[in-house]
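The primary structure of each chain is shown beneath.
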Amino acid sequence: MRHQSWVLKIDYNNGAGTGNILWRLGYQGDFSLTDDGVPTDDPSEWFSFQHYPTLLSQSGAQTTLAIWDNGDNRVLNNSGEICLAVGSVPCYSRATIFQVDEGAMVANLQWADPLQLFGVWGGSINQLSNGNVEFDVNDPAIPPNPNVASQVEEVTQTSTPQVIWQMDIPNPTNAYRAYRVPSLYPGVSWQF
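Keep in mind it's a predicted model, so treat the numbers as computed, not measured.

## Some details on the sheet that holds strand β10 (residues 133-138)
Reasoning step 1: The antiparallel open sheet is built from four strands, whose spatial order is β9-β10-β11-β12. Unpaired on one side and paired on the other, β9 (124-127) and β12 (163-170) mark the two borders of the sheet. Adjacent strand axes in the sheet meet at a mean angle of 10°, parallel and antiparallel pairs treated alike.
Reasoning step 2: Across seven bridges, strand β11 (residues 148-155) lies against β12 in antiparallel orientation. Bridging from a neighbouring strand, V155 pairs with V163 of β12.

## A word on the pairing of strand β3 (residues 32-35)
Two faces belong to every sheet, and in a regular strand the side chains alternate between them.
Reasoning step 1: Strand direction decides the pairing type here: β3 and strand β8 (residues 106-114), joined by four bridges, are parallel. Residue L33 lies in a different strand from β8, and its bridge partner there is A107.
Reasoning step 2: Sheet analysis places β3 next to strand β4 (residues 38-40), joined by three bridges and oriented antiparallel. Looking across to β4, one finds that D35 is bridged to V38.
Reasoning step 3: If you look at the hairpin formed by β3 and β4, you'll find two residues sitting between the two strands, and D36 has a positive phi there, around 55°.

## Points about the packing of aromatic side chains
Reasoning step 1: Under the definition given, this model contains seven aromatic pairs.
Reasoning step 2: For the pair W46 and F98, a centre-to-centre distance of 6.1 Å together with 10° between the ring planes defines the contact as stacked. Of this pair, W46 sits in the loop between β4 and β5 (51-59) while F98 sits in strand β7 (residues 94-101), placing them 52 residues apart in sequence. The residues W46 and F98 share a single accessibility class, namely buried.
Reasoning step 3: Among the aromatic residues, ring-to-ring pairing joins W46, F47 and F98 into one connected group.
Reasoning step 4: The ring of Y92 carries the charged tip of R74 above its face, separated from the ring centre by 4.2 Å.

Parameters at a glance
- Every chain is numbered on its own, with residues counted from 1 as its sequence reads.
- Totals for whole chains, interfaces and linings use all residues, but because this is a predicted model, local features are given only for residues with pLDDT of at least 70 and pairs of side-chain atoms are given and counted only at 80 or more.
- To get the side-chain values, all heavy atoms of the structure are used, and hydrogens and water are removed first.
- Any two strands are treated as partners once DSSP identifies two or more bridges connecting them.
- Helix and strand labels come from DSSP, where a helix needs a run of H or I of at least four residues and a strand needs a run of E of at least two; each type is numbered from the N terminus.
- Axes, fitted as lines to C-alpha atoms, cover a helix only where it is in contact. Angles between the N-to-C directions of the axes lie from 0 to 180 degrees.
- Any two rings among Phe, Tyr and Trp, with Trp reduced to its six-membered ring, count as a pair given centres within 6.5 Å; such a pair is stacked if its planes are under 30 degrees apart, edge-to-face if over 60, and tilted if neither.
- Accessible area is worked out with a 1.4 Å probe on protein chains only. A residue is then buried under 20% of its type maximum, exposed over 50%, and partly exposed in between.
- We call a charge positioned over a ring when the NZ of a Lys or the CZ of an Arg lies within 6 Å of the ring centre and within 35 degrees of the ring normal.

Right, dumping it as structure tokens:
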């Protein structure tokens, strides 16, 4: 639910579930928040107007999700100040990974890469097999240069992420999503 800034878990059960909402992940949802294991009530640590939640792993009550955090209308502090537009209050997008513990109802912001760019809509995120994170910033409000409509990056999943590679997509084409594909040919797999 992008405009509510929530990711929902629904009782689907392969079409035989109740359809009830089991939990809401995000600001003012059902989980308390920790940042690298330390409890926080800072609302800016939650994602806002997110895109493309991706299930990275699941084991029992533990679920790891990558979430592209666009940042539109991000609640910036406990006074309720929000990011409304570029130029008024600092708006930013970021790649995030959350560890969700359904038993304890705690969401841990395990990793984040806050960017200098603010992509107001679209975007995607995924973790590659080497542990690096790939994401795309679609339609940055202030492009890194005038000819860039979208930017795709692979970064290390470290406390200070390092850019491994970057692709700038020129105007007028936006990259709503970006994916690595193993190959375009049957039986052939490209190495990254």
